[in-house]
Amino acid sequence: MSESFDRMWADLAPVGRDATTGGYRRYAWTGTDAVLREWFRGEAERRRMDVVPDRAGNLWAWTADPDAQGPGLVVGSHLDSVPDGGAFDGPLGVVSAFAALDELTARGWSPGSPVAVACFADEEGARFGVACAGSRLLTGALDADRARALTDDDGTTMAEAMAAAGHDPRGLGRDDETLRRVGTFLELHVEQGRGLVELSSTVGVASSIWPHGRWRLDLRGRADHAGTTRLADRDDPMLALAAAIQEARDAAGRHGALATVGKLRVSPNGVNAIASEVTAWLDARGPREDDVRAVVDEVGAAAGATPVEESWTPTTGFDPGLRDRLTAVLAGADGTPAPVLPTGAGHDAGILSAAGIPTGMLFVRNPTGVSHSPAEHAEPADCHAGVAALARAIEALA
Ligand SMILES: [Zn+2]
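Residues numbered from 1 in each chain as written. Predicted model: local features only at pLDDT ≥ 70, side-chain atom pairs only at ≥ 80, totals over all residues. Heavy atoms only, no water.

Asks: Outline the coordination of the zinc ion, listing residues and values.
Replies: For a metal bound by four donors in tetrahedral geometry, the ideal donor-metal-donor angle is 109.5 degrees, whereas six donors in octahedral geometry ideally sit at 90 or 180 degrees. Protein coordination at the zinc ion comes from H78 (NE2), D89 (OD) and H189 (NE2), with a distance range of 2.0 to 2.2 Å. Spacing between the donor residues of the zinc ion along their common chain follows H-x10-D-x99-H. Of the two residues, D89 is situated in the loop between β3 (72–78) and α4 (91–106) and H189 in strand β5 (residues 182–190); the sequence distance between them amounts to 100 residues. Overall, the relative accessible area of 1% leaves H189 in the buried class. (Donors = N, O, S within 2.8 Å, 3.2 Å for Na, K, Ca; no water. Helix = DSSP H or I, 4+ residues; strand = E, 2+ residues; numbered from the N terminus. Buried < 20%, exposed > 50% of the residue type's maximum accessible area, 1.4 Å probe, protein only.)

Given below as structure tokens:
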């Protein structure tokens, strides 16, 4: 139902948008996050769905009682963003889920089992450094004590941020009561690549998520004066950083993987001071786990430092039966099954799948393939096609 999609999309558009960059800064457990959560509750209320937060602070809006009539079908995604992220990564899945239910309701359809729209907390890990923190906490893949102690760049812990936002961090931990309600999980997401463009398709079905992780490199040197310290006397960790960045590129190329240094912390961070310490974060992923591990080892060797693993997710396959069902349900008018694609991006769907929940993903075409940037885009007609596809999937599964 394109009108309801367009209205929700317009309502969310200004929330957390930076006027200068045009990108979104929707970080977990902030005031902006509270506005997004309030929006979610409002949309659920509008459809008489009951919102039940779980122990991790993820929100679940149910059409009926999943404890009495479940387990049910859950569709959804996340509303948070990376720094200066795009509008589509996350919100497209949440908005499409509500819009798909509207389309089905308008047709007079009612589900045979409870259906929920889910909004996962802190998917991007932009503030506390652990991606999919909400779904990992839910399944127990992220330890509660470790999560509570994670800090943002201002030194605020996740526990403090949650408490300030009105969510009790003492309840964190694997949430079996919530997991029991989820019979099947389906996440619609903007594609973060050009696979569908090359296939001339609007909507595709995910096959698997590449193994991926984040590592920290702690590079130590000695602070000194940029104008009076002879080159021979310097201990400058920026040189190790330069070697690490170059090796990330070279090793990734050799191993058919991807590696990125996209975040740095430099002390003292002065133009005329040799750095005393540099912290760099390495993101590495690829089709094969051994190659990803090799890239990380080689980057560490080039930098003369041991990479500290902050998160790791092995290859995540999605439920093959569900995948085949989705490709059949979403077949074209001529009977051609919907295309199947892998992805290098991590998702809450991957975390739930790894926890044993039958899970599937749908991708909506992204004309440039650009993501995690204000330039991320999907055409309105493709978004509407995504809603229609999700409605067909829900109808088949619930
Ligand atoms: Zn996402």
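Asks: Report on the side chain of R136, specifying residues and quantitative values.
Replies: Note that R136 resides in helix α5 (residues 133–139). Buried charge R136 goes without a salt bridge, the closest partner of opposite sign being D348 at 7.5 Å. Discounting residues that sit within four places of it in the chain, R136 has contacts with V130, A131, A141, L142, W312, T313 and I351. (Lys, Arg positive; Asp, Glu negative; His and termini not counted. Salt bridge = Lys/Arg side-chain N within 4 Å of Asp/Glu carboxyl O. Contact = heavy atoms within 4.5 Å.)

Asks: Could you give an account of the packing of aromatic side chains, with specific residues and numbers?
Replies: Per the counting criterion, the structure on display carries seven aromatic pairs. Aromatic pair F40 and F98: ring centres 5.4 Å apart, planes at 55°, arrangement tilted. Taken together, the positions of F40 in helix α2 (residues 31–46) and F98 in helix α4 put the pair 58 residues apart, joining distant regions of the chain. Side by side, F40 and F98 carry an identical accessibility label, which is buried. With centroids separated by 6.0 Å and ring planes inclined at 55°, the aromatic side chains of W215 and W312 adopt a geometry described as tilted. With W215 in strand β7 (residues 212–220) and W312 in strand β12 (residues 308–313), the pair connects residues that are 97 residues apart, well separated along the chain. For W215, a relative accessible area of 3% gives the class buried. Connected via pairs of aromatic rings, a cluster forms that spans F5, W9 and F88. Just above the ring of W281 sits the side chain of K263; from NZ or CZ to the centre is 4.8 Å. (Phe/Tyr/Trp six-rings, centres within 6.5 Å; stacked < 30°, edge-to-face > 60°. Lys NZ or Arg CZ within 6 Å of the ring centre and 35° of its normal.)

Asks: Explain the pairing of strand β4 (residues 115–120) residue by residue, including any values.
Replies: With six of six residues buried, β4 lies mostly within the body of the structure. The alternating pattern of β4 places V115, V117 and C119 and A116, A118 and F120 on opposite faces, both of which are buried. Summarising the sheet, strand β2 (residues 59–62) and β4 pair through four bridges and their orientation is antiparallel. Bridge pairing in β4 places A61 opposite V117. Sheet analysis places β3 next to β4, joined by six bridges and oriented parallel. Directly across from S77, in β4, lies its bridge partner C119. Once the chain exits β3 it traverses α4 before rejoining the sheet at β4, and the crossover so formed is right-handed. (Pairing = 2+ DSSP bridges. Right-handed = clockwise from strand over helix to strand, strands pointing away.)

Asks: Explain the sheet that holds β12 to me, and be specific about the residues and the numbers.
Replies: Spatially, the four strands line up as an open sheet ordered β9-β11-β7-β12, and their pairing is antiparallel. The sheet is open, and its two edges are formed by β9 (258–267) and β12, each paired on a single side. Adjacent strand axes in the sheet meet at a mean angle of 15° when their direction is disregarded. Taken strand by strand, helix α11 (residues 289–303) contacts β7, β9, β11 (277–285) and β12, and its axis lies near 10° from that of β7. (Axes fitted to C-alpha atoms, helices over the stretch in contact; angles between N-to-C directions.)

Asks: Can you explain the packing of helix α10 (residues 237–255) against α11? Please cite residues and give values.
Replies: Taken N-terminus to C-terminus, the directions of α10 and α11 make an angle of 155°; their axes are 8 Å apart at the nearest point. Of the possible angle classes, the one that applies to α10 and α11 is roughly antiparallel. As for the relative orientation of α10 and α11, their crossing is right-handed in sense. Each of A240, A243, A244, E247, A248, A251, A252, R254 and H255 in α10 lies in contact with α11, whose residues at this interface are D291, A294, V295, E298, V299, A302 and A303. Grouping the constituent residues of the contact of α10 with α11 by class yields eleven nonpolar, one polar and four charged. (Parallel < 35°, antiparallel > 145°, perpendicular 65-115°, else oblique. Left-handed = near helix turned anticlockwise from the far one by under 90°. Nonpolar A, V, L, I, M, F, W, Y, C, P; charged D, E, K, R; others polar.)

Asks: Describe the side chain of H255, and please don't skip the residues or the numbers.
Replies: Note on placement: H255 falls in helix α10. Of the polar contacts made by the side chain of H255, one reaches the side chain of E298; its length is 3.0 Å. Filtering out sequence-adjacent residues up to four positions away, H255 remains in contact with R288, D291, A294, V295 and E298. (Polar contact = N/O pair within 3.5 Å; in protein donor to acceptor, adjacent residues only side chain to side chain.)

Asks: An account of the environment of T139 is requested, with residue identities and associated values reported.
Replies: Within the secondary structure layout, T139 lies in helix α5. Taking the C-alpha atoms as reference, T139 lies 5.0 Å from R174; in sequence the two are 35 residues apart. When residues no more than four places from it in sequence are discounted, the contact partners of T139 are R174, L179, I351, L352 and A355. A polar side-chain atom of T139 sits 3.4 Å from the main-chain amide nitrogen of A141.

Asks: Give me the lowdown on the pairing of β5, citing residues and values where you can.
Replies: Among the nine residues of β5, eight are classified as buried, and the element is accordingly described as predominantly covered. Bridge count between β3 and β5: four bridges; the pairing is parallel. When the bridges of β5 are listed, V75 appears paired with L186. Examined bridge by bridge, β5 and strand β15 (residues 359–364) share six bridges and lie parallel to one another. Residue pairing across strands places L188 opposite L362, the latter belonging to β15.

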